[in-house]
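Commentary on secondary and tertiary structure
This is what each chain is made of:
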Amino acid sequence: MRRGRGRGPGGPPAVGHKLWVVGGWISSERPAGARDVRRVEGWVLPGLVDAHCHVGLDQHGPVPDDVSEKQALTDRDAGTLLVRDAGSPSDTRWIDDRADLPKIIRAGRHIARTRRYIRNYAHEIEPEDLVAYVAREARRGDGWVKLVGDWIDRATGDLGACWPRDAVEAAIAEAHRLGARVTAHCFAEDSLRDLVEAGIDCVEHATGLTEDTIPLFASRGVAIVPTLVNIATFPRLADAGDAKFPRWSGHMRRLYERRYDTVRAAYDAGIPVYVGTDAGGTLPHGLVAGEVAELVTAGIPRVEALSATTWGARRWLGRPGLDEGAPADLVVYEGDPRADVRVLSAPRLVVLNGRPVG
């Protein structure tokens, strides 16, 4: 039985002055006859959310379970207690049986066009098979399916859309029929209108948003997960591709240069923005605090950036925050994250399923 006494930053559902953890659950009332009490003071947030993460994946493809475990532990110790796994070829269901590891919402395995994505990551298929594979991953996942919406097209030497409009319309309709939401990897501009008008629910990265497509996203309520800590790698990728794909390299640099303006314009237009790191490919795990700081650098107000990795992200994913009777998944900080989001990089206490971890 643990009592955290603290102040919960920013808007509903904010923490009150006193919070109790009883038998693994959150309570606003001190239980009668409580004796074994530990008092902790600090600033309390719901367990952080990384809404674009890959447990069970590295730069070469699937990894053994012991590596997946280390990835999950790294995220947990950084305060990330809920992960939306945005595509993994590994079976990580065993993590669900571990009370000491973050909770995962899976999107199954990436679905990509043949030879249009990173080797060993995705199902690589042609458009006529897209509906069947979306149905397969919708049944395997936890309410999400992940498409690769664009990638480099070797015929043009630049980023290009992967799927014809009729294929994505049919695939998204099938996912929705099965109760799953659909998201897509998209760096460039070309695929966005078709995906949104076909009914997609979210777009990852979304660096190709423009003044033409931002209103469309806003009117349809399509969320974005910008993964700015990943977009920071674009100049290095562009340098490596200069000799073979100069058009692609130039395009990647332009997307990088306008990244903050793109995210701020999306936020100002009312597009829902959530925190995701893209950890697990070439990036290490545990970067959620850095991504929150990047959103603030882009011009998103601090409290809204906190919401994008806490109460707002949990509501979007259908998981509770610091609600009465909810599982006690929370993080305690020494300082007020509303004043400086950098305090997220140093959790004082991480509590998962009512127990201190890490």
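For the structure itself, consult the block above.
The following refers to the structure shown. Since we're looking at a predicted model, the values are computed, not measured.

**A short note on the packing of helix H7 (residues 234-241) against helix H8 (residues 246-257)**
Viewed as axis vectors pointing N to C, H7 and H8 meet at an angle of 165°, and their least axial separation amounts to 8 Å. The angle between H7 and H8 places the two elements in the roughly antiparallel class. Handedness of the H7/H8 crossing: left-handed. Between H7, through Phe-234, Pro-235, Leu-237, Ala-238, Asp-239 and Gly-241, and H8, the contact on the second element is made entirely by Pro-246, Trp-248, Ser-249, Met-252, Arg-253, Leu-255 and Tyr-256. Here the contact of H7 with H8 is composed, by residue class, of 9 nonpolar, 2 polar and 2 charged.

**Observations regarding the pairing of strand S15 (residues 181-186)**
Each regular strand carries side chains that alternate between the two faces of the sheet. The buried count for S15 comes to 5 of 6 residues, which makes it a mostly enclosed element. When strand S12 (residues 144-148) meets S15, the two strands line up parallel, connected through 5 bridges. Residue pairing for S15: Val-148 is matched across the bridge by His-185. The sheet contact formed by S15 and strand S16 (residues 202-205) spans 4 bridges and is parallel. When the sheet's bridge partners are listed, His-185 is paired in S16 with Glu-204. As a crossover connection, the stretch from S15 through helix H4 (residues 192-197) into S16 is right-handed.

**Regarding the pattern of salt bridges**
Considering all chains together, one arrives at 26 salt bridges under this definition. One network of salt bridges, with partners in common, ties together Arg-165, Glu-169, Arg-193, Asp-194 and Glu-197.

**Focus on a positive patch on the surface**
Together, Arg-115, Arg-119, Arg-154 and Lys-244 give the surface a local cluster of positive charge. With respect to the helices and strands, the residue Arg-119 is situated in the loop between strand S10 (111-113) and strand S11 (123-125). For Arg-119, a relative accessible area of 66% puts it in the exposed group.

The rules we used
- Residues numbered from 1 in each chain as written.
- Predicted model: local features only at pLDDT ≥ 70, side-chain atom pairs only at ≥ 80, totals over all residues.
- Heavy atoms only, no water.
- Axes fitted to C-alpha atoms, helices over the stretch in contact; angles between N-to-C directions.
- Helix = DSSP H or I, 4+ residues; strand = E, 2+ residues; numbered from the N terminus.
- Parallel < 35°, antiparallel > 145°, perpendicular 65-115°, else oblique.
- Left-handed = near helix turned anticlockwise from the far one by under 90°.
- Contact = heavy atoms within 4.5 Å.
- Nonpolar A, V, L, I, M, F, W, Y, C, P; charged D, E, K, R; others polar.
- Buried < 20%, exposed > 50% of the residue type's maximum accessible area, 1.4 Å probe, protein only.
- Pairing = 2+ DSSP bridges.
- Right-handed = clockwise from strand over helix to strand, strands pointing away.
- Salt bridge = Lys/Arg side-chain N within 4 Å of Asp/Glu carboxyl O.
- Patch = residues over 30% accessible without salt bridge, like charges linked within 9 Å, V, L, I, M, F, W, Y side chains within 5 Å.
- Areas by Shrake-Rupley, 256 points an atom, 1.4 Å probe, with all protein chains shown as cover.
- Lys, Arg positive; Asp, Glu negative; His and termini not counted.
- Charge placed at Lys NZ, Arg CZ, Asp CG, Glu CD.

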